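Observations on chain architecture
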Amino acid sequence: MSPPDDASPRELLRWLRTTEDEPIAIVREILTTAMWAVGIGLLLFAVSGVWPPMVAVESGSMEPQMERGDLVFVLEEDRLAGDGSHEDTGVVTHRAGMESGYSEFNEPGDVIIFKPNGDSRETPIIHRAMFWVDEGENWYDEANPDYVGSANDCEQLANCPAPHAGFITKGDNNGGYDQVGFGAHTGPVKPSWVVGKAKLKIPWLGHVRLQFAVATPPELLDTDPAPEPRPAMNTSANPIAVST
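Residues numbered from 1 in each chain as written. Predicted model: local features only at pLDDT ≥ 70, side-chain atom pairs only at ≥ 80, totals over all residues. Heavy atoms only, no water.

Applying the stated criterion across every chain yields a total of 5 aromatic pairs. Aromatic side chains Trp 132 and Phe 167 sit 4.9 Å apart centroid to centroid with 80° between the ring planes, which places their arrangement in the edge-to-face category. Taken together, the residues span a long stretch of sequence, with Trp 132 in strand S6 (residues 125–133) and Phe 167 in strand S7 (residues 166–170) at a distance of 35 residues. Both residues of the pair, Trp 132 and Phe 167, count as buried. For the pair Trp 139 and Tyr 177, a centre-to-centre distance of 6.1 Å together with 75° between the ring planes defines the contact as edge-to-face. (Phe/Tyr/Trp six-rings, centres within 6.5 Å; stacked < 30°, edge-to-face > 60°. Helix = DSSP H or I, 4+ residues; strand = E, 2+ residues; numbered from the N terminus. Buried < 20%, exposed > 50% of the residue type's maximum accessible area, 1.4 Å probe, protein only.)

Linking two cysteines covalently through their sulfur atoms gives a disulfide. The full count for this structure, using the stated rule, is 1 disulfide. Covalent S-S linkage joins Cys 154 and Cys 160, the inter-sulfur distance amounting to 2.0 Å. Handedness of the Cys 154-Cys 160 disulfide follows from its S-S torsion of about -115°: it is left-handed. Of the two residues, Cys 154 and Cys 160, neither departs from the other in class, the shared state being buried. (Disulfide = S-S within 2.5 Å.)

So, about the nonpolar core. Ranked by size, the top nonpolar core spans 15 residues in total, and within it Phe 131, Trp 139, Tyr 140, Val 148, Leu 157 and Tyr 177 carry the most contacts. Ranked by size, the runner-up nonpolar core spans 12 residues in total, among them Val 74, Phe 105, Val 111 and Ile 113. (Core = buried A, V, L, I, M, F, W, Y, C linked by side-chain atoms within 4.5 Å.)

The next point concerns the pattern of salt bridges. Applying the stated criterion across every chain yields a total of 5 salt bridges. Residues Arg 95 and Glu 142 are paired through a salt bridge, measuring 2.7 Å at the closest nitrogen-oxygen approach. Linking Arg 95 in helix H3 (residues 94–100) with Glu 142 in the loop between S6 and S7, this pair joins segments that are 47 residues apart in sequence. Put simply, Asp 172 and Arg 128 hold a salt bridge, and the shortest N to O gap is 2.7 Å. With a gap of 44 residues between them, Asp 172 in the loop between S7 and strand S8 (194–202) and Arg 128 in strand S6 connect regions that are remote in the sequence. When its relative accessible area of 22% is taken as the criterion, Asp 172 is described as partly exposed. (Salt bridge = Lys/Arg side-chain N within 4 Å of Asp/Glu carboxyl O.)

Okay, structure coming up:
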């Protein structure tokens, strides 16, 4: 049933809202759903301060804390800073978290999302901030020896002395720091490279985003850019980030 030819704009609008005419009803439902999606997205952005506010995990180097296909809510790094956060970064390292009792995803310290080497063209990485190093620091002596591969001193360790200040990072399920080995995928993570902090996960919902992704967009996270495999490490690793 069509609206009267002489319908006023108000009557026409009322007809569009209430008609059961199938084509109009379908379009109305699509527009309503889209408006709700935009509204929810804007609300999440207002809360998180990051866009996109939710991201999908591509691989398994943060298992069992995060699984491939989990959808993760991201918060701007300086919001809700925990006890022991490093200076004005808003990020609590694993080391500081052990001292203060602060933890995220069942382990001390914050899980951060960052651009490897600050490159926006690379798939962002979601790993735990382990400890902070200053520019020129010999951080081999303060590293966990289980996570430095076969290196016996700073000279045998990539990014040591530290080429610049930043966070040393690691996937919970990886056998080494991201910055070790001469195939290391990233240097110490500068605060400017940090996109945000992971705060909440929704299991499996990220599979929808991964399933329909034709190519890997920046918001899809690869959690397995681990260094080249070495016998001293507990897990196999890839020299570069890969989509899985």
